[in-house]
Amino acid sequence: MAAAVVTGGLAAAGPASAAPKETPIRGLTIYNSTLATFGDHDFCRGTVAARFTSPKRGITRLTLTSNGFIGNGAGWKKNPTCRVLVIASQTSATALYRDIFIPAAFGAKRGQTVTRDIRTGSGLAQLAVAPYAANNPVRVPQGSGFTAYLLVP
């Protein structure tokens, strides 16, 4: 009898706590989907992996996950956070060369994420993702980027 009560309680609690499912987006990236960049102080540098999913129809979710950043000197020991600016340039059914600015700050710990939802519409979309200088009024590229061609549901 006790097993039936416990099982029933777990079955009822399961669907209510389930997170919405994200669909991986099929696509093509010419080189890879990793950004290599440096940041705003004390020679901080690192890599960021990008992943594309779709939480709902016509929306592309870009998730940037840090592989860990390092820096040099006393300034890095005092403030081990590297600020970077990632710009995703979108061409799709809803926009032509629209820039999405994604400010991010990553530390030495791996796995820190920044997520941005982009309304691309369904169908073919091109997203060029690249790091830029975070503390400069001029868009100065600083690191390697990539271009992805995606089939958004």
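For the structure, see preceding data.
Residues numbered from 1 in each chain as written. Predicted model: local features only at pLDDT ≥ 70, side-chain atom pairs only at ≥ 80, totals over all residues. Heavy atoms only, no water.

Colleague: Just checking my understanding: could you explain the sheet that holds strand 11 (residues 146-152) for this structure?
Modeller: Adjacent strands of a sheet form backbone hydrogen bonds with each other and so pair up, either parallel or antiparallel. Judged by pairing direction, the sheet is antiparallel, and its 5 strands sit side by side in the order 2-11-9-6-7 without closing on themselves. Two strands close off the open sheet at either side, each with one partner strand: strand 2 (26-29) and strand 7 (98-107). Each strand axis lies, on average, 25° off the axis of its neighbour in the sheet, ignoring direction. Pairing analysis gives 7 bridges linking strand 9 (residues 123-132) to strand 11, with the strands arranged antiparallel. Of the residues in strand 11, the one forming a bridge with alanine 125 is leucine 150. (Pairing = 2+ DSSP bridges. Helix = DSSP H or I, 4+ residues; strand = E, 2+ residues; numbered from the N terminus. Axes fitted to C-alpha atoms, helices over the stretch in contact; angles between N-to-C directions.)

Colleague: I'm lost on the pairing of strand 4 (residues 45-54) in this one. Help?
Modeller: One face of the sheet, then the other: side chains in a regular strand alternate in exactly this way. Judged from the 2 bridges that link them, strand 1 (residues 23-24) and strand 4 form a sheet pairing that is antiparallel. The residue of strand 4 that forms the bridge with proline 24 is threonine 53. Where strand 3 (residues 34-38) lies against strand 4, 5 bridges are found, and the strand directions are antiparallel. Bridge pairing in strand 4 links threonine 34 to alanine 49. Counting the residues between successive antiparallel strands, the hairpin from strand 3 to strand 4 contains 6 residues, one of them, aspartate 42, with a positive phi of roughly 50°. Both strand 4 and strand 5 (residues 59-70) contribute to a ladder of 8 bridges, which runs antiparallel. Bridge pairing in strand 5 places alanine 49 opposite threonine 65. In sequence, strand 4 turns back onto strand 5 through a hairpin of 4 residues, with glycine 58 there showing a positive phi of about 85°.

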